[in-house]
Amino acid sequence: MEKMKKARLLFLLLALALPLLIEGLYSGQTLPVDGPAQLERPVVALTFDDGPRRSTTGELLDGLAQRGAHATFFLVGEMLEGNGDLVERMAAEGHQIGVHTYDHVWLTELSAVDFEKQVGRTRRLLTEMVGEGSYWLRPPYGGVDRGVEKRAGSPVILWSVDPEDWDDKNVTRIVEHIVSNVRDGDIILLHDIYPSSVEAALQVVDRLQERGFLFATVEELAQLRHIELKEGEVYRCFYP
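Residues numbered from 1 in each chain as written. Predicted model: local features only at pLDDT ≥ 70, side-chain atom pairs only at ≥ 80, totals over all residues. Heavy atoms only, no water.

## Structural notes on unusual backbone geometry
So, point 1. For the bond from Gly51 to Pro52, the omega torsion is 5°, close enough to zero to count as cis.
So, point 2. Positionally, Pro52 belongs in the loop between strand E1 (43-49) and helix H2 (54-67).
So, point 3. Of note, Thr101 is a non-glycine position whose phi angle comes to about 70°, a positive value.
So, point 4. Phi angles above zero are rare outside glycine, and His104 is one such case at about 60°. (Helix = DSSP H or I, 4+ residues; strand = E, 2+ residues; numbered from the N terminus.)

## A closer look at the packing of helix H3 (residues 84-92) against helix H4 (residues 112-130)
Think of two packed helices as two axes; the pair is described by the angle between the axes and how far apart they sit.
So, point 1. The interhelical angle for the contact between H3 and H4, taken along N-to-C directions, is 75°, at an axis separation of 9 Å. Overall, the two elements H3 and H4 adopt an arrangement that is roughly perpendicular. Listed contacts from H4 to Gly84, Val87, Glu88 and Ala91 of H3 are Leu126, Met129 and Val130. (Axes fitted to C-alpha atoms, helices over the stretch in contact; angles between N-to-C directions. Parallel < 35°, antiparallel > 145°, perpendicular 65-115°, else oblique. Contact = heavy atoms within 4.5 Å.)

## Points about the environment of Leu221
So, point 1. Within the secondary structure, Leu221 is located in helix H8 (residues 218-224).
So, point 2. Among the residues examined, Leu221 registers a relative accessible area of 0% and is labelled buried.
So, point 3. Measuring from C-alpha to C-alpha, the distance between Leu221 and Cys237 comes to 9.0 Å, with 16 residues separating the pair along the chain.
So, point 4. Sequence-distant contacts of Leu221, defined by excluding residues within four places in its chain, comprise Val43, Val44, Ala45, Gly185, Asp186, Ala216 and Phe238. (Buried < 20%, exposed > 50% of the residue type's maximum accessible area, 1.4 Å probe, protein only.)

## A word on the nonpolar core
So, point 1. By size, the foremost hydrophobic cluster in this structure holds 45 residues, and its most contacted members are Leu46, Leu64, Phe73 and Ile97.
So, point 2. Broken down by element, this core gets its largest block of residues, 7 residues, from helix H7 (residues 195-210).
So, point 3. Not counting chain neighbours up to four residues away, the residues in contact with Leu64 comprise Leu46, Ala69, Ala71, Phe73, His95, Leu202 and Val205. (Core = buried A, V, L, I, M, F, W, Y, C linked by side-chain atoms within 4.5 Å.)

## A look at the side chain of Asp165
So, point 1. As for its placement among the helices and strands, Asp165 is situated in the loop between strand E4 (156-157) and helix H6 (171-181).
So, point 2. For the buried Asp165, which has no salt bridge, the nearest side chain bearing the opposite charge is Arg173, at an N-O separation of 6.9 Å.
So, point 3. Setting aside residues no more than four positions away along its own chain, Asp165 makes contact with Arg173, Ile174, Leu189, Leu190, His191, Tyr194 and Ser197. (Lys, Arg positive; Asp, Glu negative; His and termini not counted. Salt bridge = Lys/Arg side-chain N within 4 Å of Asp/Glu carboxyl O.)

## So, the pairing of strand E2 (residues 72-75)
So, point 1. Burial along E2 is two-sided: the residues Thr72 and Phe74 and Phe73 and Leu75 are all buried.
So, point 2. Bridge count between E1 and E2: 3 bridges; the pairing is parallel. By the bridge assignment, Thr47 is partnered in E2 with Thr72.
So, point 3. Traced from E1 through H2 to E2, the parallel crossover comes out right-handed. (Pairing = 2+ DSSP bridges. Right-handed = clockwise from strand over helix to strand, strands pointing away.)

## A few points about the packing of aromatic side chains
The geometry of two aromatic rings is summed up by the distance between their centres and the angle between their planes.
So, point 1. All chains considered together, the criterion is met by 3 aromatic pairs.
So, point 2. With a centroid separation of 4.8 Å and an interplanar angle of 15°, the aromatic rings of Trp106 and Tyr141 are classed as stacked. Of the two residues, Trp106 is situated in the loop between strand E3 (96-99) and H4 and Tyr141 in the loop between H4 and helix H5 (146-151); the sequence distance between them amounts to 35 residues.
So, point 3. Lying across the ring of Tyr102, Arg121 places its NZ or CZ 3.7 Å from the centre.
So, point 4. For Arg183, the ring lying beneath its charged end belongs to Tyr239, and the centroid distance is 3.7 Å. (Phe/Tyr/Trp six-rings, centres within 6.5 Å; stacked < 30°, edge-to-face > 60°. Lys NZ or Arg CZ within 6 Å of the ring centre and 35° of its normal.)

## Description of the pattern of salt bridges
So, point 1. One pass over the structure, following the stated rule, counts 11 salt bridges.
So, point 2. Of the charged contacts in the structure, one is a salt bridge between Arg54 and Asp85, with a shortest N-O distance of 2.6 Å. A residue pair is termed long-range when its members are at least 10 positions apart, and Arg54 in helix H2 and Asp85 in helix H3 qualify at 31 residues.
So, point 3. Assessed through its relative accessible area of 43%, Arg54 is described here as partly exposed.

## Thoughts on the packing of H2 against H7
So, point 1. Running from N to C, H2 and H7 point in directions that differ by 10°, and their axes come no closer than 9 Å. What the angle tells us is that H2 and H7 run roughly parallel. Contacts between H2 and H7 involve Thr56, Glu59, Leu60, Gly63, Leu64 and Arg67 from the former and Pro195, Val198, Ala201, Leu202, Val205, Asp206 and Gln209 from the latter.
So, point 2. Among the residues making up the contact of H2 with H7, the classes are represented as 7 nonpolar, 3 polar and 3 charged. (Nonpolar A, V, L, I, M, F, W, Y, C, P; charged D, E, K, R; others polar.)

What follows is the structure, encoded as structure tokens:
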């Protein structure tokens, strides 16, 4: 899996640097490609909460594969039973997998013991399914306090673009909200349990790819920005 991650990151770096390389070949200039500020194409992280759900997540994975786009899935532990093949597919196809608690609870209200039952238990289930991994944490509702940060056991990943796709489930509104507000380095929040969100997500990928955007996992986006994420710290975006 680590070899796959490195290969994917190399692909993204090449895709980002290619316009500069071509420009340099024609201009005869030396290309300044030693840092993220020199990368021309914008990169964002598409993330999904609350899954996996067989009726929607499989369709989403099909669509992402067709478009060559990677995403990050923050999974709910109680949704894993009977969906192990979907989780295995996520890992095999280069998506990042994270933890969204066991049954979608506010983590700020939990004792240390109950926190472990929600987060640690889900991490163990994911490890049983797809092997060792970091399985970064996204707290439900974005609920974070000092206790959550202390117990997280990983970076805490929030978001910078939220179309509230759970509200009216209006595909057109969701798509327009994202494409009108997104910028290089954003983390986009969606939920792969709604058919409307799956449709909207794939339309967003199409629209933004036409504008030159690349889609990376959260981990890849941080690496492209040369940011070393720390356990217990909260991240909402990775702007250049």
